[in-house]
Amino acid sequence: MLDLLQPTEAPGWVLAHEGYNVLTESAVESRFALGNGFLGMRAARSTSRGPTWVSWLGYIRWASWPRCYVAGLFDMPNTEPPVPALVPVADWSRVRLILDGEPLVSREGEMLRGLRRLDMRRGVLLSEWTHRTPAGITATGHELRLLSLADRAAGLQVQRVVLDRDGVDVRLEASFGLAGLGMEPIRLKNEVGTWRTEGTGKVVAMAGGAELRLEGASVPAERPFPLRWIWRWRSKAGQVAELARHVAVARSDRPAEDPTPHAEAALERGTNLGWRAVLRAHEAAWNDHWEDGGIDIDGDDDLERALRFAVYHLTSAANPDDDRVSIGARGLTGDAYFGHVFWDTETYLLPYYTAVWPEAARALLMYRYHMLPAARAKAELFGYRGALYPWESADTGEETTPETVLGPAGQPVEILTGKMEHHISADIAYAVWQYWRATGDDDFFRDAGVEILVETARFWASRAVAEADGGRHIRHVIGPDEYHEDVDDNAFTNVMARWNIARALDALDLLRKRWPDHAAALQDRIALDDGELDDWRDAVARIVTGLDPTTGLYEQFAGFHALKPLDVRDYVTHALPIDVVIGREQTQGSQVVKQADVVALIALLPEAFPGEGAAVNFRHYEPRCAHGSSLSAAMHARVAARLGDSEMALRYMRETASLDLDPDPNSAGGVRIAGLGGLWQAAILGIAGLNLAGETLELDPKLPPTWRRLSFKVRWRGRSVGLSITGDAVEATLIDGDEIDITVAGDTRTLQPRSPLHVSRSSAAFRGAVDVDA
Ligand code: BGC
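Keep in mind it's a predicted model, so treat the numbers as computed, not measured.

Enquirer: In this structure, what is going on with the overall build of the protein? I would like to understand it.
Expert: Of the regular secondary structure elements, the protein holds 20 helices and 33 strands. Taken over the C-alpha trace, the protein has a radius of gyration of 27 Å; the compact-globule value for 774 residues is 28 Å, and the two agree within 12%. Dimensions along the principal axes, computed over C-alpha positions, put the protein at roughly 90 × 60 × 60 Å. In the protein, which comprises 774 residues, the share counted as buried stands at 60%. For the protein, the accessible area works out to roughly 29,800 Å², and carbon and sulfur atoms hold 51% of it. Distance from the positive charge centre (82 side chains) to the negative charge centre (110 side chains) of the protein: 4 Å.

Here you go:
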């Protein structure tokens with residue numbers, strides 16, 4: 001019989017980690033984390049670890065950071081400054097094994113083997129361990145854990161334990177870690193616990209059911225306490241004890257709504273099915289996702305695996321059924337950034353969801369739609385009109401960026417991003433437009449999208465102030481390059497703002513033509529008259545951009561070119577970010593860029609870079625970038641790929657891939673999911689040259705010479721299209737939906753059902769080759 005606790009055999013689907021190192025353990029727990037968009041769980045070992053509680057951690061660290069999360073479960077902890085944070089829920093995977101009265105703990109005796117594997121194909125975490133206790137008993141465990149993609153409320157743990165000898169008094173305890181939860185318990189009975197967050201009054205219920213079988217026969221459990229099961233037996237050498245634990249979770253955002261019955265019902269569904277059927281349904285759901293989101297690269301196993309890792313985490317992070325939550329900067333894989341949502345979601349993640357999983361993209365954009373009132377309030381607070389989205393957002397849409405943080409020497413450092421990083425409003429508008437163009441989801445566009453476009457445009461029109469030089473300026477901002485604060489006329493911000501206003505005008509035109517009643521109602525509701533639209537047109541014409549028409553170069557912000565030149569290559573060997581190495585002041589006075597800024601603009605709005613403009617700007621800014629953010633390298637890869645510089649594109653892709661695939665302690669707080677979304681973009685929007693916002697489905701491949709074939713699928717305007725690219729041919733297959741036009745390297749053809757399209761060229765026309773550094 002197929003052993004369900006063994007990983008997929010096909011190569012390239014399984015990530016393995018052997019052994020234990022306190023320096024990298026937390027990073028492993030992030031990388032191998034499980035998630036289904038509603039629940040998240042770090043890959044901490046379930047067995048043989050001691051308890052975790054909060055204490056002074058000046059010079060020692062937690063050996064492990066077990067954490068379970070529920071999307072949207074925010075509360076305000078007692079921090080200074082106060083900022084909302086995701087509240088962890090009970091770790092439901094904890095197992096204690098007590099042999100002849102002695103608890104098995106990893107720090108005692110000898111850990112002979114400890115292997116964790118993330119089976120990305122099946123979406124399961126598999127662990128194997130062998131431990132010899134100080135008394136000489138050898139115990140071996142195999143474990144499977146999952147958070148179900150077929151039923152998002154549900155989780156499952158199956159653990160098999162074998163001892164090497166007869167006659168040991170075994171006590172096995174399965175429990176939920178109930179201590180230090182940061183929530184008020186409101187009910188705790190046999191199989192279910194319910195808690196309420198203190199400040200926000202959200203309610204979360206967790207139900208659990210566990211069974212132990214010895215050689216197939218069920219053993220009755222002692223139930224000394226809710227959500228705790230104890231089994232005792234006398235061992236026989238080689239005898240298999242199998243623990244199967246189901247868990248189910250439900251959240252409610254209103255204190256009056258008790259989610260407990262939902263958790264109980266979900267638990268019942270799982271236990272009635274039995275763990276094998278729960279596992280099968282979960283695997284089938286993952287299989288469907290891989291069918292849609294899988295990327296095959298013939299000729300680059302490493303990047304193929306890295307892209308799988310990206311798609312694994314992207315799939316794990318989103319939930320199309322909940323449009324009240326979005327994806328935090330670390331997904332549900334760690335505590336860094338407290339679960340807050342940044343521009344990362346719209347700029348780095350949305351293209352994947354839009355092209356592969358539009359239902360998830362829609363939910364993420366609806367989250368922003370629901371938060372419009374808070375964005376309007378923020379704009380008003382700062383004296384502007386329209387909607388200014390928060391730089392960091394949690395569950396209410398209010399600004400949640402901490403106003404100060406502690407610097408390296410413990411001194412408070414003022415954080416200005418919450419006040420000044422305004423480009424997020426245009427980034428959200430961009431994602432709305434791209435989603436609508438790619439999906440043709442008119443209902444969304446009409447009922448929500450236009451309003452976001454219009455309210456953000458209105459913000460920009462009030463933000464871009466006409467001055468004596470005849471231009472409209474956007475002063476006192478922070479662009480994507482956060483090393484330079486309080487700058488004027490950041491090119492990224494201004495060009496995106498101009499684009500935002502222009503698209504809002506287009507959107508409103510279209511709404512008036514196709515849905516005049518909706519247009520009239522919207523204009524009425526938000527008091528938008530034609531005079532204001534004239535002002536928008538004026539803003540589009542007069543917003544300054546910092547473009548020098550003679551050279552084609554944008555100035556990143558007013559005065560950037562006059563800053564001190566600095567060779568970032570002198571600092572690349574430092575393990576620390578450049579602003580820490582040379583100090584904040586010197587960084588601010590230098591031409592050193594934290595992350596893709598003008599380069600990100602090339603990626604998002606290539607039409608703003610006519611002629612050689614993209615190459616000119618890339619050549620100028622790429623050497624000035626210190627990549628002080630995990631978002632940076634992937635965006636550089638995408639642009640290098642568009643410019644045909646495959647070698648550089650691959651180098652930046654590998655750099656991004658290594659961020660979370662290598663044992664990098666920086667992943668301790670969770671995977672850098674924006675980098676993973678960026679990696680997907682580098683391959684699909686960069687190398688394959690997919691344009692999601694065109695009139696037709698557009699492709700303009702620049703395949704690296706070492707890649708023989710790149711294959712993937714996209715959803716576009718209700719169709720599913722399979723694409724396969726080699727150096728001299730592109731093959732497109734309409735898998736689902738009606739015929740469409742498809743444009744390959746400028747050549748438009750019609751793609752018919754049951755008739756794959758083969759576009760071939762005699763030379764290597766679809767290859768990247770140019771070296772932009774040349
Ligand atoms: C980056 C931001 C990003 C944030 C969260 C920062 O270091 O500079 O662009 O949004 O991290 O990932």
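That shown, we press on.
Enquirer: Explanation requested: the environment of alanine 44 in the structure shown.
Expert: Mapped onto the elements, alanine 44 comes out in the loop between strand 3 (39–41) and strand 4 (68–70). Exposure remark for alanine 44: the relative accessible area of 2% places this residue in the buried category. For the pair formed by alanine 44 and valine 28, sequence separation is 16 residues and the distance between their alpha carbons is 8.3 Å. If we ignore the near neighbours within four places in the chain, the residues touching alanine 44 are Glu29, Arg49, Ser64, Trp65, Pro66 and Arg145.

Enquirer: Help me understand the sheet that holds strand 7 (residues 95–99), please; the structure alone is not making it clear to me.
Expert: Backbone-to-backbone hydrogen bonds join strands into a sheet, with any given pair of strands oriented parallel or antiparallel. Spatially, 4 strands are ordered 8-7-13-18 in an open sheet, and the strand pairing comes out antiparallel. Of all the strands in the sheet, just strand 8 (102–103) and strand 18 (228–234) have a single pairing partner and so form its edges. When strand 7 meets strand 8, the two strands line up antiparallel, connected through 2 bridges. From the neighbouring strand, isoleucine 98 faces strand 8, where its bridge partner is proline 103.

Enquirer: Please explain the pattern of salt bridges as it appears in this structure.
Expert: Opposite charge on two side chains allows them to pair when their charged atoms are near. One pass over the structure, following the stated rule, counts 64 salt bridges. Ionic pairing is found between glutamate 283 and arginine 122, a salt bridge with its closest N-O pair at 2.6 Å. Within this pair, whereas glutamate 283 is found in helix 3 (residues 275–293), its partner arginine 122 is found in the loop between strand 9 (110–119) and strand 10 (124–132), the two being separated by 161 residues in sequence. The salt bridge involving arginine 187 is made with aspartate 258; its shortest N-O contact spans 3.0 Å. With arginine 187 in strand 14 (residues 184–189) and aspartate 258 in the loop between strand 19 (240–252) and helix 2 (260–273), the pair connects residues that are 71 residues apart, well separated along the chain. Relative accessible area serves as the criterion here: at 31%, arginine 187 is assigned to the partly exposed category. Overlapping salt bridges bring together Arg376, Arg385, Glu451, Glu455, Arg458, Arg525 and Glu532 as one network.

Enquirer: Where do I start with the sheet that holds strand 2 (residues 34–35) in this structure?
Expert: An order of 2-3-4 is seen for the 3 strands of this open sheet, with the pairing classed as antiparallel. Only two strands of the sheet have a single neighbouring strand rather than two, namely strand 2 and strand 4. Inspection of the sheet shows strand 2 paired to strand 3 by 2 bridges, in the antiparallel sense. Note on strand 3: the bridge partner recorded for glycine 35 is glycine 40.

Enquirer: Would you mind showing me how to read the site of the ligand here?
Expert: Around the ligand lies a shell formed by Ala329, Tyr337, Phe342, Trp343, Asp344, Trp391, Glu482, Lys594, Gln595, Ser629 and Leu631. Note that an oxygen atom of the ligand is positioned 2.6 Å from one of the side-chain N or O atoms of aspartate 344. Taking glutamate 482, its side chain carries an N or O atom lying 2.8 Å from an oxygen atom of the ligand. Classifying every residue of the shell around the ligand by side-chain character gives 6 nonpolar, 2 polar and 3 charged.

Enquirer: Is there a simple way to think about the packing of helix 10 (residues 442–463) against helix 11 (residues 491–514) in this case?
Expert: Packed helix pairs are characterised by how far apart their axes lie and by the angle those axes make with each other. Their axes nearest at 8 Å, the elements helix 10 and helix 11 cross at an angle of 135 degrees. Looking at the two axes, helix 10 sits oblique to helix 11. As for the relative orientation of helix 10 and helix 11, their crossing is left-handed in sense. Along its contact with helix 10, which presents Asp442, Phe445, Arg446, Val450, Leu453, Val454, Thr456, Ala457, Trp460 and Ala461, the element helix 11 presents Thr493, Ala497, Asn500, Ile501, Arg503, Ala504, Ala507, Leu508, Leu510, Leu511 and Arg514.

Enquirer: So what exactly am I meant to see when it comes to empty space enclosed by the protein here?
Expert: A probe as big as a water molecule, rolled over the atoms, marks out the empty space that is left. Under the counting rule described, the total for this entry stands at 6 cavities of 30 Å³ or more. The volume enclosed by the largest cavity comes to roughly 160 Å³. Partitioned by chemical class, the residues of the lining of the largest cavity number 12 nonpolar, 7 polar and 1 charged. Its volume calculated, the second largest cavity comes out at about 70 Å³. Around the second largest cavity, the lining comprises 13 residues; the ones closest to its centre are His313, Ser316, Ala317, Leu332 and Thr333. At 3 residues, the largest contribution of residues to the lining of the second largest cavity is made by helix 4 (residues 301–317). In terms of residue class, the lining of the second largest cavity is built from 7 nonpolar, 5 polar and 1 charged.

Enquirer: It is not clear to me how the pairing of strand 10 should be interpreted in this structure. Could you clarify?
Expert: Within a regular strand, side chains alternate between the sheet's two faces. For strand 10, the tally of buried residues reaches 8 of 9 residues, placing the bulk of the element in the interior. Strand direction decides the pairing type here: strand 10 and strand 11 (residues 138–147), joined by 8 bridges, are antiparallel. Paired with threonine 130 across the bridge in strand 11 is threonine 140.

Enquirer: For this particular structure, what's the right way to read the nonpolar core?
Expert: One broad trend across soluble globular proteins is that nonpolar side chains are buried collectively. Counting 213 residues, the largest nonpolar core has Trp231, Tyr353, Trp536, Met653, Trp680, Leu710 and Phe712 as its most contacted members. A total of 12 residues in this core trace back to one element, the largest contributor, which is helix 11. Excluding residues within four positions of it along the chain, methionine 653 makes contact with Leu303, Ala637, Leu679, Ala682, Ala683, Ile687 and Trp707. Within the second largest apolar cluster, 12 residues are counted, among which are Leu126, Leu144, Ala244 and Trp275.

Enquirer: Help me out: how do you make sense of a nonpolar patch on the surface in this one?
Expert: Together, Tyr20, Val22 and Leu23 make up a nonpolar patch on the protein surface, roughly 260 Å² of accessible area in all. Inspection of the secondary structure assignment puts leucine 23 in the loop between strand 1 (14–18) and helix 1 (25–31).

Enquirer: Could you clarify how one ought to interpret helix 12 (residues 516–525) in this entry?
Expert: Think of an α-helix as 3.6 residues a turn; residues three or four steps apart then line up on the same face. Those residues of helix 12 that sit buried are Ala519, Leu522 and Gln523. All buried residues of helix 12 project into a common sector of 95 degrees when viewed along the axis, lining one side. Those residues of helix 12 that are exposed and angled more than 90 degrees off the buried face are Asp517, Asp524 and Arg525. As for helix 12, its buried residues are in contact with helix 10, helix 11 and helix 13 (530–542). Phi for alanine 527, located one or two positions after helix 12, is positive at around 50 degrees.

Enquirer: Hey, could you run me through the packing of aromatic side chains in this one?
Expert: To describe a pair of aromatic rings, you give the distance between the ring centres and the angle between the ring planes. For the structure shown, the criterion picks out 23 aromatic pairs. Relative to tyrosine 353, the ring of tyrosine 352 lies with its centre 5.2 Å away and its plane at 75 degrees, an arrangement referred to as edge-to-face. A relative accessible area of 1% means that tyrosine 352 is categorised as buried. Taken together through their ring pairs, the aromatic side chains of Tyr337, Phe342, Trp343, Tyr348, Trp391 and Phe492 make up a single cluster. Over the ring of tryptophan 13 we find arginine 121; its NZ or CZ atom is 5.0 Å from the centre of that ring. The ring of tryptophan 433 carries the charged tip of arginine 503 above its face, separated from the ring centre by 5.7 Å.

Enquirer: Is there a simple way to explain unusual backbone geometry in this structure?
Expert: Backbone phi values are negative for most residues with the exception of glycine, while trans is the configuration of most peptide bonds. Across the junction of glutamate 80 and proline 81, the peptide omega takes the value 0 degrees, indicating a cis bond. Along the chain, proline 81 turns up in the loop between strand 5 (74–75) and strand 6 (85–86). One non-glycine residue, glutamate 215, lies in the positive phi region at around 50 degrees. Within the secondary structure, glutamate 215 sits in the loop between strand 16 (203–214) and strand 17 (217–219). For glutamate 215, a relative accessible area of 54% gives the class exposed.

Criteria and cut-off values
Residue positions are given per chain, counted from 1 along the sequence in the order it is written. With the structure being a predicted model, the display of local features is reserved for residues of pLDDT at least 70 and the display and counting of side-chain atom pairs for 80 or more, all residues being used for whole-chain, interface and lining totals. To obtain the side-chain values, all non-hydrogen atoms of the structure were included, while hydrogens and water were left out. For helices the rule is a DSSP run of H or I covering at least 4 residues; for strands it is a run of E covering at least 2, with both sets numbered from the N terminus onward. Each radius of gyration is computed over the set of C-alpha atoms, and the globule rule expresses the reference value as 2.2 Å times the number of residues to the power 0.38. Partly exposed describes any residue whose relative accessible area lies between the buried limit of under 20% and the exposed limit of over 50%, with all areas from a 1.4 Å probe on protein chains only and scaled to the type maximum. Using the Shrake-Rupley algorithm and a 1.4 Å probe, accessible areas are obtained, with residue cover drawn only from the displayed protein chains. Here the positive residues are Lys and Arg and the negative ones are Asp and Glu; neither His nor the chain ends is included. Note that the charge is assigned to NZ on lysines, CZ on arginines, CG on aspartates and CD on glutamates. In this description, contact between two residues means that some pair of their heavy atoms is separated by no more than 4.5 Å. Two strands qualify as a pair provided DSSP detects at least 2 bridges between them. We define a salt bridge as a contact between a side-chain nitrogen of Lys or Arg and a carboxyl oxygen of Asp or Glu at a distance within 4 Å. One heavy atom within 4 Å of a molecule or strand is enough for the residue carrying it to be called near that molecule or strand. Contacts described as polar in this section are N or O atom pairs within 3.5 Å, which, within protein, must combine one atom able to donate a hydrogen with one able to accept it, while residues neighboring in sequence count only if both atoms come from side chains. Note that Gly is not counted as nonpolar here; it falls among the polar residues with everything else outside the nonpolar set of Ala, Val, Leu, Ile, Met, Phe, Trp, Tyr, Cys and Pro and the charged set of Asp, Glu, Lys and Arg. A fitted line through C-alpha atoms represents every axis, and for helices the fit uses only the stretch in contact; the resulting angles, taken between N-to-C directions, go from 0 to 180 degrees. Between 65 and 115 degrees an angle is taken as roughly perpendicular, under 35 as roughly parallel, over 145 as roughly antiparallel, and anywhere else as oblique. Left-handed is the label given to a crossing in which the near helix is rotated counterclockwise from the far helix by less than a right angle, and right-handed is the label when the rotation is clockwise. Lining residues are defined by having an atom within 4 Å of a point belonging to a cavity or pocket. Those points lie on a 1 Å grid over the protein atoms alone, cavities being sets where a 1.4 Å probe fits but cannot get out and pockets being open sets with protein on both sides within 12 Å along at least five of seven lines. Grid points are joined across faces, edges and corners, and a volume is the space filled by probe spheres set on the points. Throughout this description, the term nonpolar core refers to a set of buried Ala, Val, Leu, Ile, Met, Phe, Trp, Tyr and Cys residues connected via side-chain atoms within 4.5 Å. Each patch is assembled from residues with relative accessible area greater than 30% and no salt bridge, linking like charges that lie within 9 Å and nonpolar side chains (Val, Leu, Ile, Met, Phe, Trp, Tyr) that lie within 5 Å. In this description, one arc is meant: the one made by directions from the helix axis to the C-beta atoms. Classification of ring pairs uses Phe, Tyr and Trp, with its six-membered ring standing for Trp, and accepts pairs whose centres are within 6.5 Å; under 30 degrees between planes counts as stacked, over 60 as edge-to-face, and the remaining range as tilted. We call a charge positioned over a ring when the NZ of a Lys or the CZ of an Arg lies within 6 Å of the ring centre and within 35 degrees of the ring normal.

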